[in-house]
Amino acid sequence: MKKIRITINGRTVITAEGKTILEAVNENKIDTIPTLCHDERIEPYGSCFLCVVEIEGLNKLVPACSTPVKEGLVIVTNNEKIQSVRKTALELLLSNHYADCIAPCIDNCPAGVDVHEYIALAYAGKFTEAIRLIKETNPFPLSLGRICVRNCEIACRRNSVDEPVAINAVKRWLADEDNNHLWTPDIKKPNHKKIAIIGGGPSGLTCAYYLTLEGYSATIFEKFPELGGMLKYGIPEYRLPKKILDTEIKWMTDLGIDVKTGMELGKDFSIDDLKNKGYKSVFLAVGAHKATSLMLDKEDEVEGIIKGIDFLREKQNNKMPKLKGIVIVVGGGNTAVDCARTSLRWGADKVIIVYRRSIKEMPAHPDEVEAAEKEGVEIQFLTNPVSIIEKGGRLTGVECIKMRLEKADPGKRPRPVPIPDSEFIINCDFLIAAIGQQVNTSFIGKDKDCKLEKWGTIVVDQDTLQTSIPGVFAGGDVVTGPLTAITSIAHGKIAAYCIDEYVRTGIVKKKNEKFLSFKHKLGEISQYEFDHIKKVGKEKMPELPLSKRKNNFEEVELGFSENQLMLETKRCMECGCSEFYDCTLRKLADNFNIDISQYSGETRKYKIDDRHPFIVLDSNKCINCGRCVRTCSEILKVSAIGFLYRGFRTIVKPAMEKALLQTNCISCGNCIDTCPTGAMAEKFPFKPLGQYKKENYESICNFCSIGCRINYKVIRDNYFFVSNSTTSIRNSHNNGYLCVKGRFGHRYLLDGNRIIKPVIRKNGIRKDTGIEEAIDYTAEKVNRIIKQYGPGSIAVFGSPKLSNEELYLLQKFTRVGLKSNNISSFTNLFRDSELNCLDESLGITVSTTTMDDLSGADIILAVNANLTDDNMIMELKIKAAQKKGAAFIYVNSSELNPARFSDLWVDSKKGTNTVLLNGILKEIIENDGLSFGSKIKNFPELKKMVSAYNAEIVSTLTGLPRERYNQLVDMVKNPASNIIFIYNIDSRREKSFNDLKAIGNFLLLTNRINKKHNGIIILRDYSNSTGLLDMGVTPEYLPGYVTFHEIQRIRSIGKEWGVNMEEIFKPVNIAERIIRNQIKAILIFGEDPLAIPDNIKYFDDLDFLMVQDMFNTETAKKADVVLPASAYIGQDGTYTSCDRRVQEATRVFNDKGTLENWRIITNLAKKIGGNFNYDSNLDIFNEIRKINRCYTDVEPNDFWGSDFSGQSTVSQNREAGFAIYDTDIVTYNAGNETILYSENYYRSKIKKKIT
Amino acid sequence: MTEIKVGLATCGISAGGELVFDELEKEIKKHDLQIELKKTGCLGMCYEEVLVEVVQNGSSWLYAQVTPDKAKKIIENHILENHPVDAWILADNGSFRDNSFFDKQKRIVLRNCGVIDPGSIDEYISQGGYKAIQKVLKDYSPDDVIDVITKSGLRGRGGAGFPTGLKWEIANRSKGSKKYIICNADEGDPGAFMDRSVLEGDPHSVLEGMMISGYTIGANEAYIYIRAEYPMAVRTLITALTNCEEKGYLGENIFGSDFSFNIKIKEGAGAFVCGEETALIASIEGKRGSPRIRPPFPARKGLWDYPTNINNVETFANVPWIILNGYEKYASLGTEKSKGTKVFALAGKVVHTGLVEVPMGVTINEIVFNIGGGIKNNKEFKAVQMGGPSGGCIPASMGDLIIDYDEITKTGAIMGSGGMIVLDETTCMVDVAKFFLNFTQNESCGKCTFCRIGTKRMLEILERITAGEGKENDIEQLEDLANKIKISSLCGLGQTAPNPVLTTIKYFREEYEAHIKEKRCPAHSCVALIDYKIDTDKCTGCMLCLKKCPVDAISGKPKEPHTIHSETCIKCGICYDVCKFDAVIIN
């Protein structure tokens, strides 16, 4: 490609013609240009206009992603104009992005508690995780779970359906559950920096808690004898039992918070004193404990008049004498209701609340008011006391006046006005004035620098809570006036953050806020969004019966049952976006500091399309970047989705607005990964956790033999989903693309049917047991059977989905430990496959070329391969090769999907492909000189064998029109063309017996075995089918395809293993031995042969059956011993793909506490005999490299036999020659049942739903 | 031999041309006359339709505004009694009694329109048709053609004005095993109908132009991309193509040369954006009509990635004339950088609405006042809107501006494909901007952020301004968005969509400000900002407005002044229109 010179941001760079500006910028690492519509795997498009750059001499900006470079271009990638255009582009996109980044409940919580996520975790039964999450923002779930004002529930979108989710009750349940074994947070190393916190209420305690976690030494100075502030002295026992509160406080202080009670600021010490004593910073959180006066004559003189907050506090301090008679409570707030209900419990015969406005304006929580009324409290609305009636200094009644409400100003409460001449008297014995509290800031006396508002609260910076004194912060009621506990907690958390910043850096700054989009910021939320949601009322909180509430202070609300918890958490509608962390749009909005209200106007609103079982299409979030559309058409060639309509209405939808499944969607979900927002998202089998931190773990897909790179996003232990959107995975050999199995199939690991504990079945009775016990029991059984029947009486089977290490160990265990050659896999045993069909001609039956090589092929010929269903990513690789000019020939009798994108579809009749290939061989032999082929062994026989297959006969037998046959022959006979065959050994739909042999003959005859871009790729159905044979899990081969003839090799392997291998490694027909009852015990690792009921014949007369599996399979149910298996993503290991790529899979998480499989196998082997001392998986791999000649030089993620040459390297002791066979036109007619749990899960739970 | 020709282009038909034709046919049959009745295209004088021309013994009479009754009379008086009906005659022997309409015109593209029968290839041939292609095939190399076209100064008549000779040269030099010619007949500007008239009146001139272009760049296949909303043009084209194929003018080795050429018609669904080259190509390829980034330009990588030359109808129709008459003659017309003629669809508040072809260099005033006959109803000339939704408004104060690509571009408007709408004092300029922006907003393909959402947000601002809810900062926000849309859109649609807004702000800013600050529409046009009242001094109490009011918002007794009740009034303006005494006034 021609080199050209361009200038970017004043730097001259050399690049190549044909590149885009974006590529040139990226490859020279000049700038990071933002983009939304660009995906380097598809053709440039240029629609979002975020990547605009300026070109000298051009008056418009151009999209860097799709503008090609030209000699001499002078480019600027960042200036004010460019930034302004990018910002506007984002603002425009966001003005039509009708979506909630996070659930509104979180946003409406003053403390920002991640409600959505803890509900999801609770629903999943992850209670500890849930409480941990709550305590990240609110350390008071036990208390707040009882008394919170629940702004979250006000914002809950479920209000539009029926009732809000009972969020607080859920939190309480979680906290009560946690109370049994209080979770302890990690604390950073002490930094020995002292911080003073004045006031031990919710705000002060919260601040102390978070500072302690950061390693600070926090000291709380509290005026009252005990900590808790208003929670302790303002909230009555029946709502918040003090035992509960004390537990919570103790849990906090036990972390190392220093507490000094009876210490009053302004009296016992001053802020200056604290500074002098070395406190680095001070947090003032003294609350608002001063009751507001009624301003009535003699209010403070007459006996029987009490201030509300004093009443509650004295009751708590056990200093309040019992009440009697009629008690009047003045006020409409929570304190008034608390006083009324406390009075009822504290001797009053009758309680009347007097409130000057109507019920609508009452600030007390409606639930509290309702409870009070139920308990018998009477409320007189629109009533206000005007004077006190006394007799001898003792209260006897109150004169009240009726009120009316004046029309309110917008946003304000209506003003009450007395109705003249409506005075009346209420007789009473006590009057409790609960009309509000004030801040008492008399302590400021000594600290004059601390500025106050005119109504007495402390002046603070709203963002950082810093007062006018540097380093002194204030929060809670002393700043806000009497407000809510959750606001105080929020302040405590903010103060802790800012104090930490201040102490560490000297600078006070608020925490960066993330950009958040909300539906309600883009106009009305339409009711139709909720039409389809079934109405399910919220769970009722169990309560103490009314009859039991009088004269005692027992807690009224009793808390949900676990069942109620599950029902209630299920009601959560999962607002908020599952793509919160992966959303490029949100990230850019953050970077550009976007104001969402910049362009307000019409917003397009759509119903979320969740008709697909696994893919949710939320068009509200779509920004029309077209990445999904282009991926679907360009890469997949499926075109299930496209653009509809024009102008502002343009939107991505499935064709004709049909459901995705009604289009030709193949459910691969690659649209999800490419989507830069959450418009294309996965429908999870659990409640999605949007804001919850997830970790990326790249590994290998464990389904088919392509060995795709895959990224698991792990939420918590064994709780994950697949998301291939990381940059590194996009650069992998599969470009990050996955098929439906890879994307959604791994869900089977979340299936509830997992085996966690070993099981021993004796006399028909199942018993859970320990792993050691189970292994001992198995070893004992095996040893006894060997003793009785000899080593040939045991057989071992391994799954083609086990790692190379596991498989190697299994065969070594069999051969060395059991001294038997009865090693195989049921998958191969049942499938009479052509596992050695190429041995004769190529010396070994493996792929002779790689998938990477496809890009250089001229002709790709797929025979007996249902690519779409079995190995879809191979299909993508073929499509990519086609783009580069390769012709694709598909041989299959029926029009499967690959036929549709093939360049030539050869629809020969089933079972006649050997005939077809014979015909081609004949044509080549007759028409070419073949100086190479004619010298190979069996050439005359080959010539003779194919001589009869002239075009006419081939055409007649295959049913292929002559013209098409000739076309085929023309295409493949050119010796200069690079030809790659693709053949699936495991697939049996189109097979005739000797197809593979014929292909081998073709490759040998035309010298295409060792030639680059030529050869055969042998596909397999399972991830390590290739590794299984490589490792010698077959009676035919020792590791490295060592056959019975290779005596030297056998001896040397035996020597390495310390056994006489010649005696052990002998031909055996395992299937026959089982049928003849010569096998007495079977040990199965990872297979479920009894998934096919007919196979019971193999198990009829067994003395012992051991199964290791992840799931309680049909076979496991029959086994005498069941060992739990670790999931492949719970352990390390290598897997060998169909084209000999040895890839490392890395452990993603600790799997349910089970042992890694290699440990279980070695532990078992050690009990039976042989050298099985390994410290790690790597130890085993190193031994494989020593024993297995194919793997000697292989590095992980490399191909073994990278210098592959069929005859020479592998089978030196054999001479290759053409395979001679009887050509048959009988079709294989075997079913393709599978005996792997994963595959059966895929078929029954995934595939069934999408077809 | 007597011939009668009826103007039956779309304008003629909508004026009742088919009824006139039927009446004439009936009369001819009735009187058993030896008259050949013919259909012809549009002469351009759409305001005079239905036009009927009687050709007799070498003389001709052109009748205007013919109705079936008048047609009957023409047969009776003119044909049977040999007394032409003088009062209805517009022109005798081709000379117009009032020639002001044609005086300033120069008809090259429209040379045959309204003159010949578009359904007859022989009539086209009789006017020198298909001589140019034969001349080219015989005497010219492709480079010779490029030379002639380049020297003629012909620029693309689709709107952007790219030099045609250069475009052909690039396509000629591009390498490709195959090349294509595309005729863009996706005329989509509201109010523009130049291409339709040419296709309906003289299709062969376009086909001949395409053949010449094909020969020049080395293309053997061509498409005419035409909107399905032009059924008559499609029919005329199909007939023309069939006739050509029958005569061997299309197909293998045409006119005995070794040049082969085939033309196919592709009907589009009338998406405005498909007038954009790359979107048009996508549409022919069967994809969604969305533009893609250029380069590569279609001349290098076009239809199915082969080099493709795209010109519009008018451009192609010029080509045979230039070949036959020589580039010098063509280049002698017009200004230094804009040569030849330009066809305009003259519409709006002008007396003579219709199709005009003027040499480049005439002034706007000449078109409006000389050719157009001035403003209707003696109102004041306010502005012309040129270039449709991509264009802009040029104020009356700039009436002396000449028709020239570059001069017009300087104003903020564009030459465009030739829509020219004359606006008078009753037109609200904010409303005009809103109208065109609404059009582009709906017609955007929806690909680029700025075009899809930016124009929508601009439209919403204009909507609130005209609704009397404009905000302080609205003009600035409009300008900011407009400038960003212009520099950040992939295709011409988006890049020019803000032009109507920008030019109206540029020349009529005070009108925007009146809407926003004073909540007043100076043109008395924005419904939300006006009130209808009755001038009691003028009202005679005739009851007409009262009877016509659709919502009974007017009360009053006969011969007493009426009252309009503003709370019921829906401001439809019917009272204003029907009042004979100017007693209804707009506040």
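Reading the values: rules and limits
- Residues numbered from 1 in each chain as written.
- Chains lettered and ligands numbered in written order.
- Predicted model: local features only at pLDDT ≥ 70, side-chain atom pairs only at ≥ 80, totals over all residues.
- Heavy atoms only, no water.
- Helix = DSSP H or I, 4+ residues; strand = E, 2+ residues; numbered from the N terminus.
- Rg over C-alpha atoms; globule rule 2.2 N^0.38 Å.
- Buried < 20%, exposed > 50% of the residue type's maximum accessible area, 1.4 Å probe, protein only.
- Contact = heavy atoms within 4.5 Å.
- Areas by Shrake-Rupley, 256 points an atom, 1.4 Å probe, with all protein chains shown as cover.
- Lys, Arg positive; Asp, Glu negative; His and termini not counted.
- Charge placed at Lys NZ, Arg CZ, Asp CG, Glu CD.
- Pairing = 2+ DSSP bridges.
- Axes fitted to C-alpha atoms, helices over the stretch in contact; angles between N-to-C directions.
- Expected span 1.5 Å × (residues − 1).
- Arc of directions from axis to C-beta.
- Parallel < 35°, antiparallel > 145°, perpendicular 65-115°, else oblique.
- Salt bridge = Lys/Arg side-chain N within 4 Å of Asp/Glu carboxyl O.
- Phe/Tyr/Trp six-rings, centres within 6.5 Å; stacked < 30°, edge-to-face > 60°.
- Domains from an automatic or database assignment.
- Polar contact = N/O pair within 3.5 Å; in protein donor to acceptor, adjacent residues only side chain to side chain.
- pLDDT = per-residue confidence, 0-100.

A. Molecular detail of the overall build of chain B. A count of helices and strands for chain B gives 23 helices and 19 strands. Against the 2.2 N^0.38 benchmark of 25 Å for 587 residues, chain B shows a C-alpha radius of gyration of 26 Å, consistent with a compact globule. Overall, the C-alpha framework of chain B stretches about 85 × 70 × 40 Å when taken along its three principal axes. For chain B, the residues scored as buried account for 61% of the 587 residues in total. Considering only contacts in chain B between residues 6 or more positions apart, those separated by 24 or more positions represent 70%. Working note: accessible area of chain B is about 22600 Å², and carbon and sulfur atoms make up 48% of it. Averaging the positions of the 68 positive and the 78 negative side-chain charges in chain B gives two centres separated by 4 Å.

B. Examining helix α12 (residues 277–284) of chain B more closely. All names here are of chain B. Counting buried positions over the eight residues of α12 gives eight, a clear majority of the element. Residues of α12 that are buried make contact with α8 (164–173), β7 (180–185), β8 (221–227), β9 (262–268) and β10 (308–312). In the stretch just after α12, Gly286 is the one whose phi turns positive, near 90°.

C. Quick look at the sheet that holds β10 of chain B. All names here are of chain B. The four strands lie next to each other as β9-β8-β7-β10, forming an open sheet whose pairing is parallel. Both outer strands of the open sheet, β9 and β10, are each paired with one neighbouring strand and no more. On average, each strand axis in the sheet is tilted by 20° relative to the strand beside it, whichever way the strands run. Of the pairings in the sheet, the one linking β7 to β10 comprises five bridges and is parallel in character. Each bridged residue has a counterpart across the sheet, and for Asn184 the counterpart in β10 is Asn312. Helix α11 (residues 231–247) contacts β8 and β9 of the sheet and is inclined by roughly 165° relative to β9.

D. Looking closely at helix α34 (residues 962–973) of chain A. Residue and element names in this part refer to chain A. Between its first and last C-alpha, α34 extends 16 Å over 12 residues, near the 16 Å set by a 1.5 Å rise per residue. Regarding α34, the residues found buried are Tyr965, Leu968, Val969 and Val972. Down the axis of α34, the smallest arc covering the buried residues is 95°, so these residues share one side.

E. Spotlight on the packing of helix α9 (residues 194–201) of chain B against helix α10 (residues 203–217) of chain B. All names here are of chain B. Between α9 and α10, whose axes approach to 5 Å, the crossing angle comes to 100°. Overall, the two elements α9 and α10 adopt an arrangement that is roughly perpendicular. Along the contact surface, α9 presents Val198, Leu199 and Gly201, while α10 presents Pro203, Ser205 and Val206.

F. Just the pairing of strand β28 (residues 719–722) of chain A, in detail. All names here are of chain A. Side chains Tyr719 and Phe721 project from β28 onto one buried face, and the interleaved Phe720 and Val722 project onto a second face that is buried too. When strand β27 (residues 709–716) meets β28, the two strands line up antiparallel, connected through four bridges. Along β28, the bridge assignment pairs Arg716 with Tyr719.

G. The pattern of salt bridges, seen in detail. Residue and element names in this part refer to chain A. Applying the stated criterion across every chain yields a total of 112 salt bridges over all chains. For the salt bridge of Glu368 with Arg341, the shortest nitrogen-to-oxygen distance reads 3.0 Å. Note that Glu368 is positioned in helix α15 (residues 366–375) and Arg341 in helix α14 (residues 334–345), a separation of 27 residues in sequence. The same class applies to Glu368 and to Arg341, which are both buried. In this structure, Lys653 engages Glu657 in a salt bridge whose closest nitrogen and oxygen atoms are separated by 3.0 Å. For Lys653, a relative accessible area of 13% corresponds to the buried category. Looking at Glu657, the relative accessible area reads 34%, which means it is partly exposed. Among the charged side chains, a salt-bridge network with shared partners connects Arg239, Asp338, Arg341, Arg345, Glu368, Lys374, Glu375, Glu543 and Arg549.

H. Representation of the packing of aromatic side chains in the model. By the definition in use, this model includes 52 aromatic pairs over all chains. Ring geometry for Tyr130 of chain B and Phe255 of chain B: centres 6.3 Å apart, planes at 35°, overall tilted. Highlighted residues: Tyr130 of chain B in the loop between α5 (121–126) and α6 (131–139) and Phe255 of chain B in the loop between α11 and β9, separated in sequence by 125 residues. The buried category is assigned to Tyr130 of chain B, whose relative accessible area is 0%. When the centroid spacing of 5.5 Å and the interplanar angle of 85° are considered together, the rings of Phe369 of chain B and Phe381 of chain B count as edge-to-face. Of this pair, Phe369 of chain B sits in helix α15 (residues 364–371) while Phe381 of chain B is found in strand β13 (residues 381–386), placing the two residues 12 residues apart along the sequence. Among the aromatic residues, ring-to-ring pairing joins Phe703, Tyr748, Phe1111, Tyr1237, Tyr1241 and Tyr1242 of chain A into one connected group.

I. Summary view of the environment of Phe684 of chain A. Residues and elements named next belong to chain A. Summarising the element assignment, Phe684 is placed in the loop between β25 (680–682) and β26 (695–700). In sequence terms Phe684 and Ile432 are 252 residues apart; their C-alpha atoms lie 55 Å from each other. If we ignore the near neighbours within four places in the chain, the residues touching Phe684 are Ser578, Phe721 and Arg747.

J. Examining the sheet that holds strand β6 (residues 95–96) of chain B more closely. Residues and elements named next belong to chain B. With mixed pairing, the six strands of this open sheet are ordered in space as β2-β1-β3-β4-β5-β6. Since the sheet does not close on itself, it has two edges, and those belong to β2 (35–40) and β6, each with one partner. Note: strand β3 (residues 52–56) against strand β4 (residues 59–63), five bridges, orientation antiparallel. Considered in β4, the bridge of Val54 is made with Trp61. Where helix α2 (residues 17–30) meets the sheet, its contacts fall on β1 (2–7), β2 and β3, and the angle it forms with β2 comes to roughly 170°. Helix-sheet contacts for helix α3 (residues 68–80) involve β1, β2, β3 and β4, and the interaxial angle to β3 is about 20°.

K. Just the domain arrangement of chain B, in detail. Domain annotation of chain B identifies domain 1 (2–98), domain 2 (121–330), domain 3 (341–424), domain 4 (429–517) and domain 5 (531–586). Each of domain 3 of chain B and domain 5 of chain B has a C-alpha centre, and these two points are 36 Å apart.

L. Looking closely at the side chain of Thr496 of chain B. Residue and element names in this part refer to chain B. Assignment of secondary structure puts Thr496 in helix α20 (residues 492–496). Residue Thr496 is classed as buried on the basis of its relative accessible area of 16%. In terms of polar contacts, Thr496 uses its side chain to reach the side chain of Ser390, at 2.9 Å. At 2.6 Å, the side chain of Thr496 forms a polar contact with the backbone oxygen of Gly492. Excluding residues within four positions of it along the chain, Thr496 makes contact with Pro389 and Ser390.

M. Layout of the confidence of the model for chain A. Looking at chain A, pLDDT values average 92 and 98% of them are 70 or higher. Below a pLDDT of 50 lies the segment residues 1205–1213 of chain A, which in the model reaches 15 contacts outside its immediate sequence neighbourhood of four places, other chains included.

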